[in-house]
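Listed below are the residues making up each chain.
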Amino acid sequence: MEGVGQILNPIVHAGNASLLSLFLKNLDEHQTFWADPKSDLETIFSKISALLGNAATRNHALRTLHFMLPHCPLEIVEEKAQHYINVCEKVCNLHKSPESITLVYAVLKQLLLHSINSAELRKLLSSNLSTFILHPLETGFETSCIPHFLTVLELAMRHYTGICGALKSRIEQFLCGLVDATDSQTVLGTATCMLLLQQIRGGGQHGTLHKKTWEEYYGKLVDTIHDLLNKVFAHTPETFDEQTNLECLKLPALPSTDDPLRTAQLVVVRANNLIIWLEHAIVGAYAVPKPIAPFKALNLVLRGLSVTCGAMSKNVITENVAFGTFLPTIQRSLLGVLDGLINTLGSHMLIFAELICDAYVKCLRATQNVRHGATGQKKSFTQLRAKVYESIAVWCERMNYGSSIENVNEQILEHVVRDITPFVGEVTLKMDANSLKRLSSKAKKKLQKERNAATALNQAHSNGAVYAERKEQLVDTGNEELCHEALKCLTIVLQSAGCFIKPVTHKLLQERIVPLCFSLVTTNQSTRGLYRDPNTRVGLLRCFAALITNPHHRCPPPLQYAMHIFTSLRTADPSLEVRSVAGELARSAELIVHPWKETLYFPVEQASIKKALTHKERQPLAKVLQETEAPITTETEKVAKPSPSKQSPGQVIEVDDVVDDSEGEINESLAVTEDSDDHGQVDEIADVEPEGWVEEVSNASSHQIEKTNGTTVVLNETGSYNDGIIRASTPEDKLAEPTIVSIEDSDEEQKPTANIADDGDNDDDDVVEVPLDKESGTGSAQSGGKKHSLTHETNGTPTKMARLSQVENASDKTKNVDDIVAEMVAEFVDEP
């Protein structure tokens, strides 16, 4: 697209950052911009260079450069890189605004990515990269710039290990100073860089040094977290022994403060960040296999989950209350470490299955809603319980049938059922006045007693609340995420251990899930209630589908309701996502209710299929395959073998070297067939063993084939292009499976007719070859000798296999390939 340089300069000078970003994002769609004339590109980049020299427009120029560098041709980047590096270094030295520093590191990141494929650019950055790394290490800058610097530092440690290795101690000191960061991007970037820091030095033989550094880093992380947990649980009795003799990381000291809440906040933030470092150290990529000691991290997780908020609340002091406030955050992070161990080690964690399942149950029991009269309100510990359900799903999905979750499934399902059941308000039944006339005096007294009890119950509920109108707010607001995770957990548990769950448990789950699904159809749950969120409705439908597809063999699934529920929600639900999922599940349930059977066979036009197969190279898809096919060359493949239809005169093609693309299809150029009305005649073949016979066809126009002692010799001879020669293979080719000639035992077919000479053993395998005459389409012998005939079926089609007997005084004769093809086509399409 021409003319970009004419409007780029006014937009930059306008100073409108949003307009510039919008223009550049839309410009990225026009990749033809890089195919413009070179003069236009030079004009644009010269204007960018001029804008970089002006302090007023430098930020806009850097932003433009950041958008253009990812798709910029490498030769342009190599030409302009030195100028851009000088500008970036100048901005860093002048300590400009945080926005300028952020843009500088964004541009530097693009240059590092380009340097991976350019030796010249790599050499240039190697001499300047240490300046950009040392700048934040020596002089601190704004917190908003740190994530962008960590991205550049990560790329530098991956691709420029020599430069970073010389600065390892200073980089480690800088990263440890970020241990108290509160920004999530900074924490994740620091965790990645700390893991890379363990492998920027030499790995030694077989990576022994890498393994040693990772093991030390892993142990120090665990010990440091234990040390912080000692401070958190200082006033709370534990079932685990307090860890002593710890080897911790060299971290800066915590700021001293007299505020207990501030102290608790500092300790918990550092603990959470170190737990994230530990999780990334376990799941992150490393240069060598990591020597993970699983019980060391698992012991840390179990210790953190063993202490509950209820236990901490028994000692009501300020420090305990403050630490108990942040305890669910620590436990969620520890569950993330457990998920990392499960995903990384897989089945190696099965030896700890009992400990892990018990920890899940204890955590759910400790966080259940114990407040009286809180039904319908937001439940306690919703985020922690949702994380527990997520971790249970990870465990069951990773371990599948070996998860041992069936041992504690009843305790887990009790909590799941509570969290997926919506709040149901009180229902008041009213009777018509005329109906009271038909009641007896005893029934009237009973009805009046029930009304009095209901009135007393309503008064008790009203007295418990500040306002009577507050009962309208009890609609499970805030519990949607917890419900969704509980449904997802139940679905994974059914898929991984559904056959191990008791039949009565299956029946009870069906009695709860099916009415909930019917409530989505009969009532409007999309505007109020626990299932107002489309994600919870999708989770409920998938949970119902898991009940159907993973039943117990003694408890049949409720298929009688599935089709009605799925088909109704496919059209009635207001959410597009719910409708699409309901349609998907309806199709799956339909396959279960009405499985596919053998379909009717509709005959097709065989002539058109034959024509299409013969000329398949004319199809549009074949042209696309030829254009997109990657050349594959092996050492043994010297020359490409042309197809029989496109070979040139003088070429000899062996059948065993030609690969047939589809099994069961007819090879037109090599098929041997016969006419449906006439008996064919075959040439006499002598001195050839019946086993391992392979036909090889060549269109030799100027050669003649002579056979001597089982070996084929090609002699010069004039002939037509269409002359086809069938010859025996050499002994090396006997291992190839014959693709045309059928071989079978003598006792499987009809006995030979009178004109077939059976001179060999009847147990040997026989082969029949049928030459066809081009004019008449019938088999004929071109030389004197004994004649053989083919057996025919009564319907006129040739038999699938033919027989060949050894005959004496036989000589090799040529056969016309075109005659064979013409006869085969005529027989295939049932033409006379």
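These figures come from a predicted structure and were not determined experimentally.

**Q** Quick question: what am I supposed to make of the overall build of the protein here?
**A** Each helix and strand in the protein was counted, giving 30 helices and six strands. Taken over 832 residues, the protein has a buried fraction of 43%. Within the protein, residue pairs in contact and separated by at least 24 positions form 77% of the contacts whose partners lie at least 6 positions apart. Counting every atom, the protein has about 45,300 Å² of accessible surface; 52% of that belongs to carbon and sulfur.

**Q** How do you make sense of the side chain of Arg63 when you look at a structure like this?
**A** Structurally, the position occupied by Arg63 is in helix α4 (residues 58–68). If sequence neighbours within four positions are ignored, Arg63 has contacts with Ala17, Leu20, Ser21, Leu24, Glu99 and Leu103.

**Q** Explain helix α15 (residues 294–306) to me, please; I cannot follow it from the model alone.
**A** In an α-helix, one turn spans 3.6 residues, which is why side chains three or four residues apart end up on the same side. Taking 1.5 Å of rise per residue, the 13 residues of α15 would be expected to cover 18 Å, and the 18 Å separating its terminal C-alpha atoms lies within 8% of that figure. Listed as buried for α15 are Ala297, Leu298, Asn299, Leu300, Val301, Leu302, Arg303, Gly304 and Leu305. Buried residues in α15 make contact with α13 (208–232), α14 (260–283), α17 (318–345) and α18 (353–366).

**Q** Just checking my understanding: could you explain the packing of α17 against helix α19 (residues 382–399) for this structure?
**A** The angle between the axes and the distance between the axes are what describe a pair of packed helices. At their nearest, the axes of α17 and α19 sit 10 Å apart, and the two run at 5° to each other. It follows from the interaxial angle that α17 and α19 lie roughly parallel. Contacts from Pro328, Gln331, Arg332, Leu335, Gly336, Leu338, Asp339, Ile342 and Asn343 in α17 reach Gln383, Leu384, Lys387, Val388, Ser391, Val394, Trp395, Arg398 and Met399 in α19. For the contact of α17 with α19, a count of residues per class yields nine nonpolar, five polar and four charged.

**Q** Looking at this model, I keep getting lost on the packing of aromatic side chains. Mind explaining?
**A** Two descriptors summarise a pair of aromatic rings, namely the distance from one centre to the other and the angle between the planes of the rings. Applying the stated criterion to the full structure yields seven aromatic pairs. Aromatic side chains Tyr105 and Phe149 sit 5.6 Å apart centroid to centroid with 80° between the ring planes, which places their arrangement in the edge-to-face category. Of this pair, Tyr105 sits in helix α6 (residues 98–115) while Phe149 sits in helix α9 (residues 146–159), placing them 44 residues apart in sequence. On the basis of relative accessibility, which here comes to 1%, the residue Tyr105 falls in the buried class. What links up through ring pairs into an aromatic cluster is the set Tyr105, Phe149 and Phe174. When the ring centre of Tyr160 is taken as reference, the NZ or CZ atom of Arg122 above it lies at 4.6 Å.

**Q** What's the story with the pattern of salt bridges in this structure? I'm lost.
**A** Should the charged atoms of two oppositely charged side chains come close, the side chains can pair. If you walk through the whole model with that rule in mind, you get twelve salt bridges. Lys387 serves as the salt-bridge partner of Glu390, at 4.0 Å between the closest nitrogen and oxygen. Pair noted here: Glu390 and Lys387 are both in helix α19, with a separation of three residues, about one helical turn. What makes Glu390 partly exposed here is its relative accessible area of 34%. Residue Glu410 pairs with Lys502 through a salt bridge whose shortest N-O separation is 3.3 Å. Separated by 92 residues along the polypeptide, Glu410 in helix α20 (residues 409–420) and Lys502 in the loop between α23 (480–497) and α24 (503–522) bring together distant segments of the chain. Lys502 sits in the partly exposed class, given a relative accessible area of 47%. Among the charged side chains, a salt-bridge network with shared partners connects Asp339, Lys387 and Glu390.

**Q** Would you take a moment to explain α4 for this structure?
**A** With nine of eleven residues buried, α4 lies mostly within the body of the structure. Buried residues of α4: Arg58, Asn59, His60, Ala61, Leu62, Arg63, Thr64, Leu65 and Met68, and no others.

**Q** Would you mind showing me how to read the side chain of Asp223 here?
**A** Inspection of the secondary structure puts Asp223 in helix α13. The side chain of Asp223 is buried and forms no salt bridge, while Lys296, the nearest opposite charge, is found at 4.7 Å. Those residues in contact with Asp223 that lie beyond four places of it in its chain are Leu246, Glu247, Cys248 and Lys296.

**Q** Which parts of the structure should I look at to understand the packing of α15 against α17?
**A** As a packed pair, α15 and α17 sit with axes 9 Å apart at the nearest point and diverge in direction by 150°. Taken together, the axes of α15 and α17 lie roughly antiparallel to each other. With respect to the hand of their crossing, α15 and α17 are arranged in left-handed fashion. Listed contacts from α17 to Pro294, Ala297, Leu298, Leu300, Val301, Gly304 and Leu305 of α15 are Gln331, Leu334, Leu335, Val337, Leu338, Leu341 and Leu345. Of the residues assigned to the contact of α15 with α17, the class counts are twelve nonpolar, two polar and no charged.

**Q** Teacher, can you tell me more about the nonpolar core here?
**A** The nonpolar side chains of soluble globular proteins are, as a tendency, buried together. The biggest cluster of nonpolar side chains holds 172 residues, and the ones touching the most others in it are Ile392, Trp395 and Phe566. Tallying contributions element by element places α17 first for this core, with eleven residues.

**Q** I would appreciate a short explanation of the state of the cysteines in the present structure.
**A** A disulfide bridge is the covalent bond that connects two cysteines by way of their sulfur atoms. Within this structure, the stated rule accounts for zero disulfides. The thiol of Cys92 is unpaired, and the distance to the nearest cysteine sulfur, on Cys88, comes to 6.9 Å.

**Q** Can you walk me through the environment of Cys88 in this structure?
**A** Structurally, the position occupied by Cys88 is in helix α5 (residues 74–93). Between the alpha carbons of Cys88 and Val104 there is a distance of 5.5 Å; along the sequence they are 16 residues apart. Not counting chain neighbours up to four residues away, the residues in contact with Cys88 comprise Val104, Val107 and Phe132.

**Q** Is there a simple way to explain unusual backbone geometry in this structure?
**A** Most of the time, phi is negative for any residue but glycine, and the peptide bond is trans. Unusually for a residue other than glycine, Phe381 sits at a positive phi of about 55°. Using a relative accessible area of 29% as the deciding quantity, one classes Phe381 as partly exposed. The backbone of Asn400 sits at a positive phi, close to 60°, despite the residue not being glycine. With respect to the helices and strands, the residue Asn400 is situated in the loop between α19 and α20.

**Q** When you look at the confidence of the model for the protein in this model, what are you seeing that I'm missing?
**A** Segments scoring low in pLDDT should not have their predicted coordinates read at a detailed level. Residues with a pLDDT of 70 or more make up 66% of the protein, whose mean pLDDT is 75. Contacts for the low-pLDDT stretch residues 461–472, under 50 throughout, to residues beyond four places or in other chains number four contacts. Across residues 632–770, where pLDDT falls below 50, the model places 288 contacts with residues more than four positions away in sequence or in other chains.

**Q** I'm lost on the environment of Leu490 in this one. Help?
**A** One can find Leu490 in helix α23. Classification of Leu490 as buried rests on a relative accessible area of 2%. Between the C-alpha atom of Leu490 and that of Cys543, which follows or precedes it by 53 residues, the distance is 6.7 Å. If we skip the residues at most four places from it in the chain, Leu490 touches Leu413, Val416, Leu509, Ile513 and Cys543.

Rules and cut-offs
- Every chain is numbered independently, its residues counted from 1 as its sequence is written.
- With pLDDT at 70 or above as the cut-off, local features in this predicted model cover only qualifying residues; side-chain atom pairs require 80 or more to be listed or tallied, and sums for whole chains, interfaces and linings still use all residues.
- Side-chain numbers come from the whole structure's heavy atoms, not from hydrogens or water.
- Secondary structure follows DSSP: runs of H or I at least 4 residues long count as helices, runs of E at least 2 residues long count as strands, and numbering of each begins at the N terminus.
- Summary of the burial criterion: residues with accessible area below 20% of their type's maximum are buried, those above 50% are exposed, and those between are partly exposed, where the area comes from a 1.4 Å probe applied to protein chains only.
- In what follows, residue pairs with any heavy atoms lying within 4.5 Å of each other are defined as contacts.
- Note on areas: Shrake-Rupley, 1.4 Å probe, and residue coverage restricted to the protein chains presented here.
- A helix is expected to span 1.5 Å multiplied by its residue count minus one.
- The convention used is that axes are lines fitted to C-alpha atoms, helices contributing only their stretch in contact, and that angles between N-to-C directions extend from 0 to 180 degrees.
- Each angle gets one of four labels, with under 35 degrees taken as roughly parallel, over 145 as roughly antiparallel, 65 to 115 as roughly perpendicular, and the rest as oblique.
- Residue polarity is assigned by list, with Asp, Glu, Lys and Arg as charged and Ala, Val, Leu, Ile, Met, Phe, Trp, Tyr, Cys and Pro as nonpolar; anything else, Gly included, falls into the polar class.
- Stacked, tilted and edge-to-face pairs are distinguished by plane angle, under 30 degrees for stacked and over 60 for edge-to-face with tilted covering the rest, among Phe, Tyr and Trp rings (Trp via its six-membered ring) whose centres lie within 6.5 Å.
- The criterion for a charge sitting over a ring is simple: Lys NZ or Arg CZ within 6 Å of the ring centre, and within 35 degrees of the ring normal.
- By salt bridge we mean one thing: a side-chain nitrogen of Lys or Arg within 4 Å of a carboxyl oxygen of Asp or Glu.
- Only four residue types enter the charge count, namely Lys and Arg as positive and Asp and Glu as negative; His and the chain termini do not.
- Handedness of a helix crossing follows the sense of rotation of the near helix relative to the far helix, less than a right angle counterclockwise being left-handed and clockwise being right-handed.
- Here, nonpolar core refers to any group of buried Ala, Val, Leu, Ile, Met, Phe, Trp, Tyr and Cys residues whose side-chain atoms link them within 4.5 Å.
- Throughout, a disulfide means two cysteine sulfur atoms within 2.5 Å of one another.
- pLDDT is a residue-level measure of predictor confidence that goes from 0 to 100.

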